[in-house]
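Below, each chain spelled out in residue letters.
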Amino acid sequence: MPNRSNPRLTCQSCGERFPNRGFEQPLLVNIGWRGVLQSHFLCLQCRRKAYNTFQEPLPPGIDAYTDHIHGHTIVPRITETEARRQYCLTDCHFRDMPHVITAYSVRSAGHVYKVKLYEERDIVRVARRVWGGDVGIANARECYSWQNGGVTYTPTPPVGIERVRRDRIRQAFLDWGFYFATPTLPCVSNYVNYGQGQLSRIVAIYGN
Ligand SMILES: [Zn+2]
């Protein structure tokens, strides 16, 4: 029997009832207005409306910034696959979004692969509209994982130093010649995950 007094089942804005699990479930939204923080359980539609009025600031490391080590402008960019998996989007969400086309080659196989890179801040803005804010994106990740039998199907985007190194090497490869710093290259993954190697040397070796 459903618990009719459970506030998690009822949207506190439109008053409609929803399942307590899934993409539609009401989620706790904290919105501060003139120093007063208000918390409400809001459904997907009402979250979209609320966040349309009260825009969330971008999470750390998503917007463009100046790299304090190299002095370059870094624009965090992600691939289509990452946008799909980390932000629970489908092709139709970013088909018309601005992107750059990069390439990486697998010399042993003689192939050159093209990779579209999207600005992560654009992806985050779209995902927030689709899922109703950051709480909605986090919930969507859980829902996808739940649909897949609890498997972590939707990894969260990297944070901290790994994010910094990922964005630094992606920007360097892009600036060098529209190359993609694919994580399948050991020199790229070692730099991103362990800080191994010197960026300028890695880029120069790859570019030659
Ligand atoms: Zn509602």
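Residues numbered from 1 in each chain as written. Predicted model: local features only at pLDDT ≥ 70, side-chain atom pairs only at ≥ 80, totals over all residues. Heavy atoms only, no water.

Its UniProt record gives the protein a comment under Subcellular location (unreviewed entry), which states: "Nucleus". (UniProt positions renumbered as here; feature names shortened; annotations may be inferred.)

**Student:** Explain helix α6 (residues 160–177) to me, please; I cannot follow it from the model alone.
**Tutor:** What sets the pattern is the α-helix's 3.6 residues per turn: residues three or four places apart point alike. Here α6 contains 18 residues, and its C-alpha end-to-end distance of 27 Å stays within 8% of the 26 Å for a straight helix at 1.5 Å per residue. Listed in full, the buried residues belonging to α6 are R163, R165, R166, D167, R168, I169, R170, Q171, A172, F173 and L174. Positive phi shows up at F178, right after α6, with a value of about 55°. (Helix = DSSP H or I, 4+ residues; strand = E, 2+ residues; numbered from the N terminus. Expected span 1.5 Å × (residues − 1). Buried < 20%, exposed > 50% of the residue type's maximum accessible area, 1.4 Å probe, protein only.)

**Student:** I'm lost on the environment of F178 in this one. Help?
**Tutor:** Relative to the helices and strands, F178 is located in the loop between α6 and α7 (186–194). F178 sits in the partly exposed class, given a relative accessible area of 47%. Along the sequence, F178 and S39 sit 139 residues apart, while their C-alpha atoms lie 45 Å from each other. If near-sequence neighbours (up to four positions away) are discounted, F178 is found in contact with V100, I101, T102, A103 and F173. (Contact = heavy atoms within 4.5 Å.)

**Student:** Any chance you could explain the confidence of the model for the protein here in plain terms?
**Tutor:** When pLDDT drops low, the exact placement of atoms in the prediction is not to be read closely. Mean pLDDT over the protein works out to 89, with 94% of the residues at or above the 70 mark. Predicted confidence in the protein is weakest over strand β1 (residues 27–33), with a mean pLDDT of 85, and strongest over strand β5 (residues 77–79), with 97. (pLDDT = per-residue confidence, 0-100.)

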